[in-house]
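Spelled out from the first residue to the last, the chains are:
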Amino acid sequence: MNAIYILWLRELKRYTRSRAQVIASLGQPMLYLLALGFGLGPVFKRAGAGNYLQFIAPGVIGMSVLFSSIFSGLGLLWDRQFGFLKETLVAPVSRLQIMIGRTLGGATVACIQGLLVMILCAIAGFRPAHLFTIPMALGFMVLIALLFAALGMAIGSGLQDMQGFQLIMNFLVMPIFFLSGAMFPLTGLGIILSYVTKADPLTYGIDGMRNAFGSPNIAFHPGLDAAVLVVLGAILLVFGAWRFSKIEI
Amino acid sequence: MIRVQNLKKTFDSFTAVDDVSFEVAPGEIFAFLGPNGAGKTTTIKMLTTLLKPTSGSIELDGLDPQKHENEVRRRFGIVFQDPSLDGDLTAWENMQIHAVLYHVPSKIGKQRSEELLKLFELWDRRDVQVKKFSGGMKRRLEIARGFLHTPRILFLDEPTLGLDPQSRNQLWSHVKRVNETENVTVMLTTHYMDEADRVAHRIGIIDHGKLVAQGTPREIKEQTGTENLEDAFLKLTGNTIRDEDADPAAQMRQFAKMWQQNRR
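Just so it is clear, the model here is predicted, and its values are computed rather than measured.

Rules and cut-offs
- Residues numbered from 1 in each chain as written.
- Chains lettered and ligands numbered in written order.
- Predicted model: local features only at pLDDT ≥ 70, side-chain atom pairs only at ≥ 80, totals over all residues.
- Helix = DSSP H or I, 4+ residues; strand = E, 2+ residues; numbered from the N terminus.
- Rg over C-alpha atoms; globule rule 2.2 N^0.38 Å.
- Buried ≥ 20, exposed ≤ 12 C-beta atoms within 10 Å, placed from the backbone.
- Contact = placed C-beta atoms within 7 Å.
- Core = buried A, V, L, I, M, F, W, Y, C linked by C-beta atoms within 7 Å.
- Nonpolar A, V, L, I, M, F, W, Y, C, P; charged D, E, K, R; others polar.
- Pairing = 2+ DSSP bridges.
- Axes fitted to C-alpha atoms, helices over the stretch in contact; angles between N-to-C directions.
- Parallel < 35°, antiparallel > 145°, perpendicular 65-115°, else oblique.
- pLDDT = per-residue confidence, 0-100.

J.: Any chance you could explain the overall build of chain A here in plain terms?
T.: Counting its secondary structure elements, chain A contains twelve helices and zero strands. Reading chain A from its N end, one meets helices and strands in the order α-α-α-α-α-α-α-α-α-α-α-α. Over its C-alpha atoms chain A spans a radius of gyration of 18 Å, differing by no more than 12% from the 18 Å that the globule rule assigns to 249 residues. Taking all 249 residues of chain A together, 47% fall into the buried category. Of all intrachain contacts in chain A linking residues separated by at least 6 positions in sequence, the fraction that spans at least 24 positions is 84%.

Structure representation (structure tokens):
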């Protein structure tokens, strides 16, 4: 238990100490929010779909949680050879504890990041329909963070070089974001795209947050969103732990 | 303290370690020497539970690392070839995490951290983030950390690589001191023959996965009829340069070097 706690705390300390990084990582979501939110806003409105800023804000929050959590796992690539990971892998602690500590740490940091973006969205003009459902939105944020932190662990455990990292970035992380309906509504899509978006776990996270915020552009029942995230998250945690136990250094 | 018998490790068709046997007595400093790719790191990985041997047996303080993984892990400390400190944390925090991971009671952990940081001349910098440390300071901290849980054995895999002679000298004098005061057995690898000659009580030389010589530095020089250990080493292992293909780790090491230079 102590090992899980100290590894979780470590991730948190690292995050709070790298202020420059915190600010830098807020830059991208802000760019999406402001450039797209205000840039595409008029078109969106003319199409009769409402206010684009209100629509895209949950997408941008989801994006920052996705990136932050999945990177915490992909960082294993670097950490395994040049970082602290080796120190933990030869310690008399089970791999499972190490994996859980790291995953929880990565997910916690991702949630803090998401919360910061949520505040920035509010400053930019985003207004949830009901304030009392914000805890529900936070719940979806936690589910997204855990799911992708575990996925990051599963992939990061097997990454061998920088090229592999690029490959994952371009063919997994970016598509997960772009195909999640973070930036476009899921209604009236072509049949192929509609199936692809339904296969993307982030879709349910962002749809869940839209549900919580009372957005009119929702695709599924919040219960379904939560169920998909919980089941898939649990599977990925087990898979991630298994992959982590196979790491050789 | 360490007993290795007919140890063998094969990767696909390549035999990295071939029928190696040696013993290291309690309190001894044993230098494990060999050219690149000779099987040094593979052997250390097998001794430290990170790799399973294909055949042969290993005993560390009377225990088999495969059967009693956690008990064995508590008994040794290791300093890897590549850094394994957390640069964002302070020296003190790095020590405290180690104490928790090795189940050292909090009070003893703090007391020992203080002793070791003082001994390794890092006490004044204990609250500084490790990324601000010089290469020599980082190495000292890693070794101090390796001693924290009072291991019976300390493994050092090329601990002085890239350090200047002053730092190397200082580092070895610290290691020797703990070896004497706490009777810790030390097994090290290095490419600096003068270091091995000065520090080690006994030496084993490995080449192409086979142990080609072992004994005190003097015995090895006598066996080969040479004046110094470097000549003895070359006589035993030949003059051919061992060019290896860069593995992913080596490629990343290169990348890390470039990255660090750019940041300066």
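J.: Help me understand the nonpolar core, please; the structure alone is not making it clear to me.
T.: Burial of nonpolar side chains together is a common tendency in soluble globular proteins. Grouped together as the largest cluster of nonpolar side chains are 135 residues, with contacts concentrated most on A:Leu66, A:Ile144 and A:Ala145. Those residues in contact with A:Ala145, other than ones at most four positions away along the chain, are A:Val65, A:Ser69, A:Ala107, A:Ala110 and A:Cys111.

J.: How should I be thinking about the interface of chain B and chain A in this particular structure?
T.: Many analyses report the size of an interface as the accessible area lost when the parts associate. Each side of the interface is counted separately: chain B has 26 residues, and chain A has 23 residues. The element best represented in the side of chain B that touches chain A is helix H10 (residues 248-263) of chain B, accounting for six residues. Partitioning the side of chain B that touches chain A into residue classes produces 15 nonpolar, six polar and five charged.

J.: Looking at this structure, how should I read the sheet that holds strand E8 (residues 202-207) of chain B?
T.: Each strand in a sheet pairs with its neighbour through backbone hydrogen bonds, running either in the same direction (parallel) or in the opposite one (antiparallel). Residue and element names in this part refer to chain B. One open sheet holds the six strands; their spatial order is E5-E6-E7-E3-E8-E9, and the pairing between them is mixed. At either end of the open sheet lies a strand with only one pairing partner, and these are strand E5 (76-79) and strand E9 (210-215). Here the strands of the sheet are splayed against their neighbours by 15 degrees on average, with no regard to which way each runs. Where E5 lies against strand E6 (residues 153-157), four bridges are found, and the strand directions are parallel. Within E6, the position partnered with glycine 77 by the bridge is leucine 154. Of the strands in this sheet, strand E3 (29-33), E8 and E9 touch helix H9 (residues 229-237), which is tilted by about 35 degrees from E8.

J.: When you look at the packing of helix H5 (residues 135-147) of chain B against helix H6 (residues 165-181) of chain B in this model, what are you seeing that I'm missing?
T.: For any two helices packed against each other, the geometry comes down to the angle between their axes and how far apart the axes lie. Residues and elements named next belong to chain B. The N-to-C vectors of H5 and H6 enclose an angle of 10 degrees; their axes lie 10 Å apart at closest approach. One finds that H5 runs roughly parallel with respect to H6. The residues of H6 that touch H5, namely those facing Gly136, Arg139, Arg140, Ile143 and Phe147, are Ser167, Leu171, His174, Val175 and Val178. Within the contact of H5 with H6, the residues separate by chemical class into five nonpolar, three polar and two charged.

J.: I tried to follow the confidence of the model for chain B on my own but got confused; where do I start?
T.: Note: predicted coordinates in regions of low pLDDT should not be interpreted at a detailed level. Residue and element names in this part refer to chain B. Counting all residues, the mean pLDDT for chain B is 91, and 96% of those residues have values of 70 or more. When pLDDT is averaged over each helix and strand of chain B, the minimum, 67, is found for H10 and the maximum, 97, for helix H3 (residues 91-101). Prediction confidence for the complex, expressed as pTM and ipTM, is 0.89 and 0.88 respectively.

J.: Would you mind showing me how to read unusual backbone geometry here?
T.: Glycine aside, the phi torsion of most residues is negative, and most peptide linkages are trans. Residue and element names in this part refer to chain B. Of note in this structure, aspartate 12 is not a glycine but carries a positive phi near 50 degrees. Looking at where aspartate 12 falls in the secondary structure, it is placed in the loop between strand E1 (2-11) and strand E2 (14-24). A positive phi angle is found at glutamate 121, which is not glycine, with a value near 55 degrees. Looking at the element boundaries, glutamate 121 is found in the loop between helix H4 (106-119) and H5.

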